[in-house]
Amino acid sequence: MFRTLVTQAARTPSLAIVGSGPGGFYTAAKVMQLLPGTKVDMFEALPVPHGLVRFGVAPDHPEVKLVMNRFDEVAESPDFRFFGNVTVGKDISVDELKDTYDGVVLSYGASEDRVLNIKNEHVEGVYSARSFVGWYNGHPEHREIGLDLTSTDTAMVVGQGNVALDVARVLLSPIDELRKTDITEHALEALSRSRIKRVHIVGRRGPLQVSFTTKELREMFALPNTKLEIDTELFKDQLAHGQSLLLKNRALKRLLGVLEKEIPTDAIKDAEKFWSLKFLRSPVEIISESNRVKAVKMEINTLEGPTDSQVALGTGSYEEIESGLVFRSIGYKSTPIEGIPFDARRGVVPNVCGRIMDGEQVLDGMYTSGWLKRGPSGVIVSTMQDAFETAGAIAADIKNGKPFLQPTKSSRDIPNLLKERNVRAVSYKDWKNIEKLEFDLGAARGKPREKLTSVEEMLQAVNA
Ligand SMILES: Cc1cc2nc3c(=O)[nH]c(=O)nc-3n(C[C@H](O)[C@H](O)[C@H](O)COP(=O)(O)OP(=O)(O)OC[C@H]3O[C@@H](n4cnc5c(N)ncnc54)[C@H](O)[C@@H]3O)c2cc1C
Ligand SMILES: NC(=O)c1ccc[n+]([C@@H]2O[C@H](COP(=O)([O-])OP(=O)(O)OC[C@H]3O[C@@H](n4cnc5c(N)ncnc54)[C@H](OP(=O)(O)O)[C@@H]3O)[C@@H](O)[C@H]2O)c1
Ligand SMILES: *[C@@H]1O[C@H](CO)[C@@H](O)[C@H](O)[C@H]1NC(C)=O
């Protein structure tokens, strides 16, 4: 008997993506390109999309935010749906997503920050860089952080990464420069009254171990009437000891070359504001007065270990640095979500090439991308590259007929399910209405956009 083999019509797969930052959007973009027809539903806890592109990237870096145009293109596809204002783990569970989609991608980033674990870390005047950045960028959670920029003229940033430089630069930028950006109105108002004229940027290791990059360093030197203060002896000494490292690491050599060239040779006379790079200092205690930070007690460190992985070791000598404000900028931190393995030490969901692992076992149909996959470091381009890796893994698994989730429910029912739970999801069309209002409000003030920071304003825009 002769039977024709009916090729089983390949069902177009459906994916749930959790988080709408670069990790989520670039995974969506690549999967939809590799497997046309894939249905993508993206869930975002905040009412508005784009994660740290909107709420992290500094207001004076508009060129970086152009990636939003790329995300808009992705969202225009009829196969894509956006559910903003929906927190996975609260409004809908990961298990429910597993029961509804063929695959689930976790790319919810790193929404907490690391702490120093020192005495008095929580007195008034000590902030995380994350909350300060969220405040000037209009993150709804950080609208009212109660920042007082008038009671002191000195601030300190702990950590020497690019976020630390963002914080210092915003504090020291001329207010009229900031007015031309999309910085929030409440931040402009507070910064226009700021008395801050000195910002210390403190690292536990030396100049060869800074983690900020050259372009961002140059921006510090471009601040008008603002001068660098640095311990020249210490700097030269560290450089002399690191020659072998500099031969191997050209980017670092260039960065330190820029720094060296800009070190003021004469006594500083004509500056109005100052920023300092302090090295080999670990905060051990916040010194407070009436429950407010007054100074930070630092242990002085030396460096030990191989040249390319030196660690800071305390010397048992201490000094105090006066500062009326302290911003801790020592990195962001991801949190676990119920039902998914989490590597608490590295702060990531364990994975191989984006496939989530439970011990040695691959969790079929479960993927991760972005900072949750790799840890809270890397620029948008690195996040994009690793989201592409995850998308490649998803596409390969589908093409190779690897086991996927076996959903029993249809994603068509998601809008109803959310409605039943009184969750008011924001669609991408709603978002574009919010954004249009932001552009209009911005234009009236000569800014690229005026961000809406309250839910009421957003609701009005959505219903307009
Ligand atoms: C202050 C700062 C400035 C930066 N500036 C630059 C820069 O100038 N240039 C550059 O190239 N890179 C910059 N970066 C790095 C860049 O932002 C990251 O590489 C990138 O945003 C990481 O993408 P992600 O998608 O993993 O995370 P995110 O961008 O954080 O996106 C995660 C999203 O998931 C959402 N989410 C969280 N929990 C849930 C949940 N339970 N359910 C649903 N959604 C959830 C969050 O609200 C967020 O929208 C900066 C980073 C920071 C912190
Ligand atoms: N303009 C841009 O392109 C831009 C802007 C902002 C952010 N980003 C990117 O976003 C990512 C995150 O930036 P980030 O600045 O948060 O992180 P980061 O680059 O990892 O810097 C963290 C800093 O904190 C220090 N640190 C960590 N733990 C500490 C502790 N316990 N005590 C004292 N110091 C401690 C680190 O020093 P050690 O090295 O000694 O650990 C390091 O100097 C980076 O990849 C960054 O490049 C890019
Ligand atoms: C977000 O959802 C809550 C209820 O879950 C609702 O009260 C709020 O209005 C929603 N926000 C927007 C902007 O739609």
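Keep in mind that this is a model prediction, so the values were computed, not measured.

### A few points about the site of ligand 2
Here's step 1: Lining the immediate surroundings of ligand 2 are 21 residues, of which Arg204, Arg205, Ser211, Glu216 and Gly378 lie closest.
Here's step 2: Note that an oxygen atom of ligand 2 is positioned 3.1 Å from one of the backbone N or O atoms of valine 163.
Here's step 3: Contact between ligand 2 and glycine 378: an oxygen atom at 2.6 Å from a main-chain N or O atom of the residue.
Here's step 4: Surface burial for ligand 2 is 79%, taken as the share of its 920 Å² of free accessible area covered by protein chains.
Here's step 5: Considering each element in turn, the shell around ligand 2 owes the most residues, three residues, to helix α6 (residues 162–172).
Here's step 6: Residues belonging to the shell around ligand 2 are distributed by class as follows: six nonpolar, 10 polar and five charged.
Here's step 7: Both domains that meet at the shell around ligand 2, namely domain 1 (14–111 + 334–426) and domain 2 (113–332), each give it at least three residues.

### Overview of the site of ligand 3
Here's step 1: Close to ligand 3 lie Pro47, Asn85, Asn422, Val423, Arg424, Val426, Val455, Met458 and Leu459.
Here's step 2: Within the contact set of ligand 3, an oxygen atom lies 2.3 Å away from a side-chain nitrogen or oxygen of asparagine 85.
Here's step 3: Note that an oxygen atom of ligand 3 is positioned 3.5 Å from one of the side-chain N or O atoms of arginine 424.
Here's step 4: Notes on ligand 3: free accessible area 360 Å², of which the protein chains cover 71%.

### Quick word on the sheet that holds strand β14 (residues 325–328)
Here's step 1: Taken in spatial order, the six strands line up as β6-β14-β7-β8-β10-β9 in an open sheet, and their pairing is parallel. With partners counted over all chains shown, the strands left at the sheet margins are β6 (126–128) and β9 (226–230), one partner each. Strand-to-strand, the axes of this sheet are offset by a mean angle of 20 degrees, without reference to chain direction.
Here's step 2: Both β9 and strand β10 (residues 273–278) contribute to a ladder of five bridges, which runs parallel. Residue threonine 226 lies in a different strand from β10, and its bridge partner there is lysine 273.

### Here's the deal with the UniProt feature "domain: FAD/NAD(P)-binding" (unreviewed entry) in the protein
Here's step 1: In the numbering used here, UniProt assigns the "domain: FAD/NAD(P)-binding" (unreviewed entry) feature to residues 14–220.
Here's step 2: Structurally, residues 14–220 is divided into 34% helix and 17% strand, and its ends, taken at the C-alpha atoms, are 46 Å apart.

### A look at the sheet that holds strand β13 (residues 311–322)
Here's step 1: Taken in spatial order, the three strands make up an open sheet running β11-β12-β13, and their pairing is antiparallel. Whereas interior strands pair on both sides, the edge strands pair on one side only; in this sheet they are β11 (281–289) and β13. Each neighbouring strand pair of the sheet contributes to a mean axis angle of 20 degrees, computed without reference to strand direction.
Here's step 2: For β11 and strand β12 (residues 292–304), the ladder comprises eight bridges, and the chain directions are antiparallel. Paired with arginine 281 across the two strands is isoleucine 300, which belongs to β12.

Conventions and cut-offs
- Residues numbered from 1 in each chain as written.
- Chains lettered and ligands numbered in written order.
- Predicted model: local features only at pLDDT ≥ 70, side-chain atom pairs only at ≥ 80, totals over all residues.
- Heavy atoms only, no water.
- Near = heavy atom within 4 Å.
- Polar contact = N/O pair within 3.5 Å; in protein donor to acceptor, adjacent residues only side chain to side chain.
- Areas by Shrake-Rupley, 256 points an atom, 1.4 Å probe, with all protein chains shown as cover.
- Helix = DSSP H or I, 4+ residues; strand = E, 2+ residues; numbered from the N terminus.
- Nonpolar A, V, L, I, M, F, W, Y, C, P; charged D, E, K, R; others polar.
- Domains from an automatic or database assignment.
- Pairing = 2+ DSSP bridges.
- Axes fitted to C-alpha atoms, helices over the stretch in contact; angles between N-to-C directions.
- UniProt positions renumbered as here; feature names shortened; annotations may be inferred.

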